[in-house]
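Coordinates in review
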Amino acid sequence: MTLRWMSMQLWRRRVTGPLVALLITVLLMFLATHSLQNNREHDVSAVERKAQRSDGVMHPSSHHNPSNTHRQREQPRPDSDPHQHGRRKRSLPPIAFLKTHKTGSSTVQNILFRLGERERATFAFPYISYQFSYPNRFQAKYVDELPAGSSQFDILCSHMRLDLPQLKQVMPPNTVLFTILRDPTTTFESTFNYYTNVVPAFAKAKNASRVTGGKSALATFLENPDAFWNPHARANGPAKNPMSFDLGLNNVAWSLSWPSDLIQLEDAFHLVMIMEHFDESLVLLGDLLGLETEDLAYVRLNARAGHQVSPLERETREKIREWNSLDVLLYDFFFRLFWEKAKDYGLDRLNEDVAQLRVTRERLKQKCVSKEAVPPGELEDLLRPWQSETATIVGYKVREDLGTQDQAFCVRLVLPELQYHSHLYFQQYGRDMRAVPPE
Ligand SMILES: Nc1ncnc2c1ncn2[C@@H]1O[C@H](COP(=O)(O)OS(=O)(=O)O)[C@@H](OP(=O)(O)O)[C@H]1O
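Throughout, a residue's number is its position along its own chain's written sequence, starting from 1. At least 70 in pLDDT is required for a residue's local features to be given in this predicted model, at least 80 for side-chain atom pairs to be given and counted, and no such filter applies to totals for whole chains, interfaces and linings, which use all residues. With hydrogens and water stripped out, all remaining heavy atoms of the structure feed into the side-chain values.

Brief notes about the overall build of the protein chain
The number of helices and strands found in the protein chain is 15 helices and six strands. The proportion of buried residues among the 439 residues of the protein chain is 47%. Taking contacts inside the protein chain between residues at least 6 apart in sequence as the whole, the part at least 24 apart equals 76%. In short, Shrake-Rupley with a 1.4 Å probe defines the accessible areas, and a residue's cover is counted only from the protein chains shown. Element-wise, carbon and sulfur atoms account for 52% of the exposed surface of the protein chain, whose accessible area totals about 22,600 Å². Helix and strand assignments come from DSSP, with helices taken as H or I runs of at least 4 residues and strands as E runs of at least 2, each series counted from the N terminus. Each residue's exposure class comes from its accessible area (1.4 Å probe, protein chains only) as a fraction of the maximum for that residue type: buried when under 20%, exposed when over 50%, partly exposed otherwise. Working rule for contacts: check all heavy atoms of both residues, and any pair within 4.5 Å makes them a contact.

Structure follows, in structure tokens:
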């Protein structure tokens, strides 16, 4: 069975699925009309409740934020709006961003961090450290408590392995859920090089490469991945089909439920961004969330030093695609869906908005950044991205001639994930984050 064939089957299901749903809806409408004619005393409030329940992607049966424990904010913040539980300046919908690994997700997260901080959103942070107990499947109990005065979580955007029903227990019903995917070849290459010492399958290949005379760890691994990979080792999750793994799919092997699991994801996600079309993705995101162009401006974060990234040879690319065939399927599926959404938005309109975003992005970069691609050794602690043992991650220097307000904005624009996370956590809870307990 070829990937192209499987991809076409999935695509056909997408087209036939809505047709079947339409037929069922027509049938139900007919039956409902019939029943209404026979029963004039039908329960209007039940219909309203149903309409409210179906108004969004999340339908939690037991919400993590029980209203019976709701505590009112004792001292509303200065710009409070009584209609928005005294917190928001704007009506931003609740947001859940599935932060996939090595896909440009830290850049997206930084946009959400800035937005959330400015809008005084309540973040759903991990109970411990920066991730929701990754690589375990997400559980509602991995989320820290709702802070005093907040009635719901507004933004969740830390790394997790997705479990939709558990996520629905945490976030409100009208949450906008989105994620980002990247070409499976470069995703895997980046994952391998960043996590060489962390993922056991990769570390084994690295050790083996020491005796294979000059071959890189990646080349050694790709020659015979199964020799290094134990699918039962917990930390080996990202070693094969890392994006499928993060989305909670079976990443080990194709299974009969895979297509329907994928369709479920399609139904649940409002948008799946494509890293190779980052700006187009942001424009669609901005449209979903009602954002201004300035809100979407960014600098590329968490990038490896240029000398560590060399173009992959054709044979290597093919081997990576073969090893990660489910990620190829996943990516191709959402790539097509992305361009369907882009067409619905209007391609001319999209191009215009992308051009405007790029002008804004460039203007803000000129205003804020004095030097880019700065090696970690030259950066002060605050602006130094976390370094893996096997990859050098570069950062930015901020201009020194800025006024206080501009400096506050510019530092946030380039602030690495861990520093920004700690800052927001402290701001939200008035205490430091919990560290991972020693094993
Ligand atoms: N806007 C934009 N456009 C293109 N590429 C981008 C962008 N933002 C981040 N990146 C690249 O994404 C990689 C880092 O991804 P993540 O931030 O998701 O990594 S992490 O899992 O949070 O560690 C990392 O890829 P590699 O450099 O190949 O490792 C970044 O360079």
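Quick word on helix α6 (residues 200-209)
One turn of the α-helix equals 3.6 residues, which is why residues spaced by three or four share an orientation. A201, F202, A205 and S209 are the residues of α6 that are buried. Down the axis of α6, the smallest arc covering the buried residues is 95°, so these residues share one side. Tucked into the core, α6 has its buried residues touching α5 (184-194) and α7 (217-223). The reported arc concerns the directions from the helix axis to the C-beta atoms and nothing else.

Description of the pairing of strand β4 (residues 271-274)
Residues of β4 alternate between two faces, with L271 and M273 on one and V272 and I274 on the opposite face, all of them buried. Of the strand pairs in this sheet, strand β3 (residues 176-181) and β4 are connected by four bridges, and their pairing is parallel. Pairing of I180 across the sheet is with M273, part of β4. A pair of strands is treated as paired once DSSP finds two or more bridges between them.

Looking at the state of the cysteines
In this description, the term disulfide denotes a pair of cysteine sulfurs within 2.5 Å. What the rule picks out here adds up to one disulfide. In this model, C368 is linked to C410 through a disulfide, with the two sulfur atoms separated by 2.1 Å. Around the S-S axis, the bridge from C368 to C410 shows a dihedral of about -60° and counts as left-handed. Of this pair, C368 sits in helix α13 (residues 347-368) while C410 is found in helix α14 (residues 404-414), placing the two residues 42 residues apart along the sequence. Considered together, C368 and C410 belong to a single accessibility category, that of buried residues.

Describing the packing of helix α9 (residues 258-268) against helix α12 (residues 325-345)
Angle between the axes and distance between the axes are the two parameters that describe a pair of packed helices. Running from N to C, α9 and α12 point in directions that differ by 40°, and their axes come no closer than 12 Å. Of the two possible hands of crossing, α9 and α12 adopt the one that is right-handed. Within the contact between the two elements, α9 uses W258, L262, I263, L265 and E266 and α12 uses L326, L329, L330, F333, F334 and L337. Interaxial angles span 0 to 180 degrees and are taken between N-to-C directions of axes, which are lines fitted to C-alpha atoms, for helices over the stretch in contact. Handedness of a crossing follows from how the near helix is turned relative to the far one, being left-handed for an anticlockwise turn of less than a right angle and right-handed for a clockwise one.

Digging into the packing of aromatic side chains
Stacked, edge-to-face and tilted are the three classes for Phe, Tyr and Trp ring pairs, Trp counted by its six-membered ring, which pair at centre distances within 6.5 Å; planes under 30 degrees apart are stacked, over 60 edge-to-face, the rest tilted. Within this structure, the stated rule accounts for 24 aromatic pairs. A ring pair is formed by F192 and F221, whose centres lie 5.6 Å apart and whose planes are at 55°; its orientation type is tilted. Of this pair, F192 sits in helix α5 while F221 sits in helix α7; the two residues are 29 residues apart in sequence, bridging distant segments of the chain. Take F192: its relative accessible area is 1%, and that puts it in the buried class.

A word on the site of the ligand
Near is defined per residue: the residue qualifies when any heavy atom it owns lies within 4 Å of the molecule or strand. Among the 20 residues in the neighbourhood of the ligand, the closest are listed as K99, S105, S106, S190 and R304. Any pair of N or O atoms that falls within 3.5 Å is considered a polar contact. Within protein, one atom must be able to donate a hydrogen and the other to accept it, and sequence-neighbouring residues count only if both atoms are side-chain atoms. Contacts to the ligand include K99, whose side-chain N or O atom sits 2.7 Å from an oxygen atom. Within the side chain of S106, an N or O atom sits 2.6 Å from an oxygen atom of the ligand. In isolation the ligand exposes 640 Å². Once the protein is present, 93% of that is buried. Element by element, the count of residues in the shell around the ligand is highest for helix α3 (residues 105-118), at three residues.

Focus: the environment of T293
Tracing the chain through its elements places T293 in the loop between α10 (278-289) and α11 (314-323). The partly exposed category is assigned to T293, whose relative accessible area is 21%. Each residue touching T293, except ones within four places of it in the same chain, is listed here: Q356, L357 and T360.

Re unusual backbone geometry
Going from Y134 to P135, the amide bond is cis rather than trans, its omega being 10°. Among the structural elements, P135 can be located in the loop between α3 and β2 (155-156). Positive phi, close to 60°, is recorded for K102, a residue that is not glycine. Along the chain, K102 turns up in the loop between β1 (95-98) and α3.

As for α13
For a helix, the expected span equals 1.5 Å multiplied by the number of residues minus one. The end-to-end C-alpha separation of α13 is 31 Å, in line with the 32 Å expected for 22 residues at 1.5 Å each. Listed as buried for α13 are L350, V354, L357, T360, L364 and C368. Considered in projection along α13, the buried side chains sweep an arc of 130° and stay on one side of the axis. Structural note: α13 exposes D348, E352 and V359 on the side pointing more than 90 degrees away from its buried face. On its buried face, α13 is in contact with α10, α12, β5 (369-374), β6 (395-398) and α14.

Quick look at the side chain of S105
Position of S105 among the secondary structure elements: in helix α3. Take S105: its relative accessible area is 2%, and that puts it in the buried class. Of note is the side chain of S105, whose polar atom sits 3.1 Å from the side chain of K99. For S105, the residues in contact, after removing those within four places along its chain, are F97, K99, T100, H159 and I180.

With respect to the sheet that holds β2
Judged by pairing direction, the sheet is parallel, and its four strands sit side by side in the order β2-β1-β3-β4 without closing on themselves. Pairing within the sheet leaves two strands with one partner each, and these edge strands are β2 and β4. The strands touched by α3 are β1, β2, β3 and β4; relative to β1, the strand with the most contacts, the crossing angle is about 160°. Relative to β4, α10 is tilted by about 155°, and along the sheet it contacts β1, β3 and β4.

Digging into the confidence of the model for the protein chain
What pLDDT reports is the predictor's confidence in each residue, on a scale of 0 through 100. Looking at the protein chain as a whole, the pLDDT averages 85, with 79% of positions reaching at least 70. In this model residues 18-87 is a low-confidence stretch, pLDDT under 50, and it forms 72 contacts with partners more than four residues away in sequence or in other chains. This prediction of the complex comes with two scores: 0.84 for pTM and 0.99 for ipTM.

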